[in-house]
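Here is how the chains run, residue by residue.
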Amino acid sequence: MSQKHRETANVGAGLWKGAGMWAWLFHRVSGVALALYLFAHIWVISRGAATGAEGFNTMFETLESPLFIVLDLFLLAAVVYHALNGIRVLLFDLGVAIRRQKTLFWAVIAASVVIMAVFAYISLSFIASHGA
Amino acid sequence: MRQGVIEESAGGMWLWLLQRVTAVVLILGLGVHIVVTHVLNLGELSYENVAGRLAMPFFVVVDFALLGAGIFHALNGLRMVLLDYGFSGRSKTMLSWGLFAFGVAAFGYGTWALWPWLTA
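Residues numbered from 1 in each chain as written. Chains lettered and ligands numbered in written order. Predicted model: local features only at pLDDT ≥ 70, side-chain atom pairs only at ≥ 80, totals over all residues.

1. Points about the overall build of chain A
Link 1 in the chain: On a plain count of helices and strands, chain A comes out with four helices and zero strands.
Link 2 in the chain: Overall, chain A shows an N-to-C arrangement of helices and strands of α-α-α-α.
Link 3 in the chain: When burial is assessed residue by residue, chain A has 22% of its 132 residues classed as buried.
Link 4 in the chain: The long-range share in chain A, meaning contacts at least 24 apart out of those at least 6 apart in sequence, stands at 67%. (Helix = DSSP H or I, 4+ residues; strand = E, 2+ residues; numbered from the N terminus. Buried ≥ 20, exposed ≤ 12 C-beta atoms within 10 Å, placed from the backbone. Contact = placed C-beta atoms within 7 Å.)

Structure (structure tokens):
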């Protein structure tokens, strides 16, 4: 690949090396996980129509248990990373900051860690105050 | 917009563009959804809690935007992943239409799921 093409190529896709590769791989893995989750989520919400208010509320008692709140944190980590790296990809598509893609990847990771720390604090406080 | 990116996309120009448009819708919509539903209403989730939100037109719009944009973005994303593993010609066409049919069905099912709250 010529130097010119390498600089303007869709960063990460096909460049099997370094930060760009990891950004692409995490985006793909989190994307597949979120796609599968979406359809599970639609099914869960449909229990309202299928079983009525009582069945729905019984289900949500389980979904607000510590186990599911911790699982929610993993889900949220996938959402946050995919969203922030998605913004990084959108910038590249607009021709912005392509040469700084590695710096942006680390900015995405840093922002994800900060956001997840806030949500972990909120979630663990909730679990603690509701007696696990 | 860099023309090369659009022309080189295996998934087609319009699907590429729609993937970006739905990405923006999802970032904004999920921001609202996560903060309002899962932070401001933490520990309050119930059938009645959902009913209270869906009594407001704003949240009906947000939920249908998330349903539509989410289904499109998820299935088109899965399609882009699968296209990296050898679909072409007839199998590519069948994959695309299969995912399209699944998406339409999922949107219908999601609408049915929200119906009791919308008509309450």
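Structure's up, so let's keep going.
2. Quick word on the overall build of chain B
Link 1 in the chain: A count of helical and extended segments in chain B gives five helices and zero strands.
Link 2 in the chain: When the helices and strands of chain B are placed in sequence order, the string is α-α-α-α-α.
Link 3 in the chain: Its C-alpha atoms give chain B a radius of gyration of 17 Å, clearly above 14 Å, the size a compact globule of 120 residues would have.
Link 4 in the chain: Each principal axis of the C-alpha distribution contributes one length, and for chain B these read about 50 × 30 × 25 Å.
Link 5 in the chain: The buried share of chain B, reckoned over its 120 residues, is 19%. (Rg over C-alpha atoms; globule rule 2.2 N^0.38 Å.)

3. What about the environment of Leu15 of chain B?
Link 1 in the chain: With respect to the helices and strands, Leu15 of chain B occurs in helix α2 (residues 13-40).
Link 2 in the chain: Considered as a pair, Leu15 of chain B and Gly86 of chain B are 71 residues apart in the sequence and their alpha carbons are 19 Å apart.

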